[in-house]
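# Breakdown of the fold
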Amino acid sequence: MEYVVEVVPPQAGEPVFEVRESNYGNACLRARRYRELGWSAAVTGERDPLRRWKVWDPGSGLPPQAVLARSCDCALAQGRRLQPGACAVQPVEG
């Protein structure tokens, strides 16, 4: 099984990208290296589909953001680029 490292740059204008790794250990090491640089990174399985998520900060009163990610961790990292206090994540069915 291959793994995907979802990488979220800290700036909202920069695109999220994926790096494929052949094993889980290598994927975790790569994710750790990106995190050490101040970026967000999440490890998922290659077969995990991209899906839409709602991400929001319940205390802010702002509407939820819609993001596209393989995991809730990556979705939350994307949401926090615009709303640093975001802590709620929900998959959008459909």
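Please refer to the structure higher up on the page.
The structure reproduced in this document is the subject of the present report. The written sequence of each chain sets the order in which its residues are numbered from 1. In keeping with the model being predicted, local features are shown solely for residues with a pLDDT of at least 70 and side-chain atom pairs are shown and tallied solely at 80 or more, while totals for entire chains, interfaces and linings include all residues. As a rule here, side-chain values come from all non-hydrogen atoms in the structure, and water together with hydrogens is ignored.

Bringing the packing of aromatic side chains into the picture now. We call Phe, Tyr and Trp rings a pair once their centres come within 6.5 Å, taking the six-membered ring for Trp, and we label the pair stacked below 30 degrees between planes, edge-to-face above 60, and tilted otherwise. Under the defined criterion, the tally for this structure stands at four aromatic pairs. Arranged with centres 5.4 Å apart and planes meeting at 65 degrees, the rings of Tyr3 and Tyr24 form a pair that is edge-to-face. In this pair, Tyr3 is assigned in strand β1 (residues 3–8) and Tyr24 in helix α1 (residues 24–36), connecting sequence segments 21 residues apart. Centre to centre, the rings of Phe17 and Trp39 are 6.2 Å apart; their planes meet at 75 degrees, and the pair counts as edge-to-face. In this pair, Phe17 is assigned in strand β2 (residues 17–21) and Trp39 in the loop between α1 and β3 (40–45), connecting sequence segments 22 residues apart. Judged by its relative accessible area of 30%, Phe17 is partly exposed. Partly exposed residues are those whose accessible area sits between 20% and 50% of the maximum for their type, while under 20% is buried and over 50% is exposed, using a 1.4 Å probe and protein chains only. The partly exposed category is assigned to Trp39, whose relative accessible area is 25%. When the ring centre of Trp53 is taken as origin, the NZ or CZ atom of Arg51, which lies over that ring, is 5.1 Å away. Runs of E in the DSSP output that reach at least two residues are strands. Runs of H or I that reach at least four are helices, and both are numbered from the N terminus. Sitting over a ring, as applied to charges here, requires NZ of Lys or CZ of Arg to be within 6 Å of the ring centre and within 35 degrees of the ring normal.

Moving on: α1. A helix is expected to span 1.5 Å multiplied by its residue count minus one. Spanning 13 residues, α1 covers 18 Å between terminal C-alpha atoms, matching the ideal 18 Å at 1.5 Å per step. In this structure, the buried side of α1 is in contact with β1, β2 and β3. Distance and chemistry together define a polar contact, namely a pair of N or O atoms within 3.5 Å, with one atom able to donate a hydrogen and the other to accept it when in protein, and with adjacent residues in sequence counting only for side-chain atoms on both sides. The opening residue of α1 is Asn23, an N-cap whose side-chain oxygen sits 3.1 Å from the backbone nitrogen of Gly25. The contact criterion used is simple: two residues touch if any of their non-hydrogen atoms lie within 4.5 Å.

Taken together, three strands build an open sheet; the order of strands is β2-β1-β3 and the sheet is antiparallel. Each edge of the sheet is formed by a strand with only one pairing partner; in this case those strands are β2 and β3. Taking each pair of neighbouring strands and ignoring which way they run, the sheet shows an average axis angle of 25 degrees. Pairing between β1 and β2: five bridges, direction antiparallel. Paired with Val5 across the strands is Val19, a residue of β2. Along the sheet, α1 makes contact with β1, β2 and β3, crossing β3 at roughly 165 degrees. Strands in contact with helix α2 (residues 72–82) are β1 and β3; relative to β1, the strand with the most contacts, it is inclined by about 10 degrees. Two strands make a pair as long as DSSP finds a minimum of two bridges between them. Angles run from 0 to 180 degrees between N-to-C directions of axes, and those axes are lines fitted to C-alpha atoms, restricted for helices to the stretch in contact.

What follows covers the pattern of salt bridges. Salt bridges are defined as contacts in which a side-chain nitrogen from Lys or Arg sits within 4 Å of a carboxyl oxygen from Asp or Glu. Evaluated as defined, the whole model comprises three salt bridges. Between Arg70 and Glu18 there is a salt bridge whose closest N-O contact spans 2.7 Å. Taken together, the residues Arg70 in the loop between β5 (65–69) and α2 and Glu18 in strand β2 connect sequence positions 52 residues apart. Residue Arg20 pairs with Glu46 through a salt bridge whose shortest N-O separation is 3.8 Å. On the criterion of sequence distance, the pair formed by Arg20 in strand β2 and Glu46 in the loop between β3 and β4 (51–56) is long-range, its members being 26 residues apart.

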